[in-house]
Amino acid sequence: MNKVGEFEELRPLLFSIAYRILGSVSEAEDAVQETWLRFDGSATSPTSVKAYLSTTVTRISIDVLRSARVRREEYVGPWFPEPLLSDPYQDPARSAELADSVSMAALLLLERLSPLERSVFMLREVFGFGFDEIASAVGRSEAACRQLLVRARRHMEAGRPRFDADRQERDELARRFFDALREGDVAGLRDLLAADVQMVGDGGGKAPQLARAVVGTENVARLLASVFPLLARIDVTFEPHQVNGQPGAVFRDRDGKVLHTLVLDVLDGQIQTIRTVINPDKLGHLGPVADAWTINDEVKQARREMK
């Protein structure tokens, strides 16, 4: 197999590593592309192409994450990862680890770790790399990597997200949620929401967003039931879709452009958290992006017309 073939065979793995370290589709894709350029420009043939490429994409991602941390400290409002609709890397032996690690809740928890801790945790706990491979990838000794993993596990266990194990029950609850959303059914929504449910949005100051998290069954149910019928009046539609491995949806304007994504955290038969990403900078990989400010103005006009 030539270089191109070897690289393309491993591209899904490389992207999955980079995305979990960075929480950004666009930055992960850039890291994978830079990995290819370095591989293509290398005059020597590595003993293990997988080890070489995994090491390269990990080191690039660590460098990018260090600079991204500074930008995230200045971010306007809550910061969420860029929504991922499908993970290109599949490994039946590690399907549970892969699914859990890509959720919004898990990626937000990983933000508590240092770049090195995050990388070691991902390579070991999610992808099952050996400590010799991890040490090479992050440029630390095996002993140091073991210590990094201990610290990372401690942080992760303290706030590890839990989800309903029964995917069928979870997806059925999501179906009922979206049916109630379409109908503006406050009672139907109320039945599905946990008492301390939170609804939080990421607009990054570049799109209309909630001033603060909306908390509590009644508040969230009434907000949803009041807003989404107005969106329907101006021909905004949504398609249920897995988002970061959890039930969610992609919302589109009348021209089919992406307005925002929504994802549900489900536990014990109730929706615990609703997260929306409306920052246009985080949606471009899903297709042409709608003008959220224009949509916001149209919603206000529709509300006035209904009074």
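Notes on the structure in this doc start here. (Residues numbered from 1 in each chain as written. Predicted model: local features only at pLDDT ≥ 70, side-chain atom pairs only at ≥ 80, totals over all residues. Heavy atoms only, no water.)

On to unusual backbone geometry, then. Positive phi, close to 70°, is recorded for Asp-235, a residue that is not glycine. Within the secondary structure, Asp-235 is located in the loop between α11 (217-233) and β3 (237-243). Since its relative accessible area comes to 43%, Asp-235 is described here as partly exposed. In this structure, Asn-244 is a non-glycine residue whose phi angle is positive, near 50°. (Helix = DSSP H or I, 4+ residues; strand = E, 2+ residues; numbered from the N terminus. Buried < 20%, exposed > 50% of the residue type's maximum accessible area, 1.4 Å probe, protein only.)

Glancing now at helix α3 (residues 49-73). Look at α3: 36 Å from first C-alpha to last across 25 residues, which is about the 36 Å you get at 1.5 Å a residue. Of all the bends in α3, the greatest measures close to 25° and is centred on Ser-67. (Expected span 1.5 Å × (residues − 1). Bend = angle between axes of the 7 residues up to and from the residue.)

The strand order across the open sheet built from six strands is β2-β1-β6-β5-β4-β3, with neighbouring strands paired in mixed fashion. Every interior strand has two partners, whereas the edge strands, β2 (214-215) and β3, have only one. In this sheet, β2 lies alongside strand β1 (residues 193-202) in antiparallel orientation, the contact comprising two bridges. Within β2, the position partnered with Met-199 by the bridge is Val-214. Strand contacts of helix α9 (residues 167-183): β3, β4 (246-252), β5 (258-267) and β6 (270-277), with the helix running at about 165° to β3, the strand carrying the most contacts. (Pairing = 2+ DSSP bridges. Contact = heavy atoms within 4.5 Å. Axes fitted to C-alpha atoms, helices over the stretch in contact; angles between N-to-C directions.)

Ile-17, Tyr-19 and Phe-127 are the most contacted members of the largest nonpolar core, which has 48 residues in total. When contributions to this core are tallied by element, the ones reaching two or more residues are α1 (3-22), α2 (25-41), α3, α5 (104-110), α6 (115-126), α7 (131-138) and α8 (142-159). In terms of residue count, α1 provides more of this core than any other element does, 10 residues in total. Dropping the residues within four chain positions of it, Phe-127 is found in contact with Leu-13, Ser-16, Ile-17, Arg-20, Tyr-89, Arg-94, Leu-98 and Met-122. (Core = buried A, V, L, I, M, F, W, Y, C linked by side-chain atoms within 4.5 Å.)

Centre distance and the angle of the planes are the two values used to describe a pair of aromatic rings. For the coordinates displayed, the defined rule picks out nine aromatic pairs. Between Trp-36 and Phe-39, the aromatic rings sit 6.2 Å apart at their centres with planes inclined by 70°, giving edge-to-face as the arrangement. Here Trp-36 pairs with Phe-39, and both are found in helix α2, just three residues apart, close to one helical turn. Aromatic rings pair up to connect Phe-177, Phe-178, Phe-228, Phe-238 and Phe-251 into one cluster. Above the ring of Phe-131, the side-chain terminus of Arg-146 is found at 4.0 Å from the ring centroid. (Phe/Tyr/Trp six-rings, centres within 6.5 Å; stacked < 30°, edge-to-face > 60°. Lys NZ or Arg CZ within 6 Å of the ring centre and 35° of its normal.)

On to α9. For α9, which comprises 17 residues, the first-to-last C-alpha distance of 24 Å matches the rise-based estimate of 24 Å (1.5 Å per residue) to within 8%. Those residues of α9 not exposed but buried are Arg-170, Leu-173, Ala-174, Phe-177, Phe-178, Ala-180 and Leu-181. All buried residues of α9 lie within an arc of 160° about the axis, which places them on one face of the element. Of the exposed residues in α9, the ones pointing more than 90 degrees away from its buried face are Gln-168, Glu-169 and Glu-183. For α9, the elements touching its buried residues are α10 (186-192), α11, β3, β4, β5 and β6. (Arc of directions from axis to C-beta.)

Moving on, we come to the packing of α7 against α8. Contact geometry for α7 and α8: axes closest at 9 Å, N-to-C directions at 95°. In terms of orientation, α7 lies roughly perpendicular with respect to α8. On the side of α7, the interface is formed by Phe-131, Asp-132, Ile-134, Ala-135 and Val-138, while α8 contributes Glu-142, Cys-145, Arg-146 and Leu-149. For the contact of α7 with α8, the residue count by class is six nonpolar, no polar and three charged. (Parallel < 35°, antiparallel > 145°, perpendicular 65-115°, else oblique. Nonpolar A, V, L, I, M, F, W, Y, C, P; charged D, E, K, R; others polar.)

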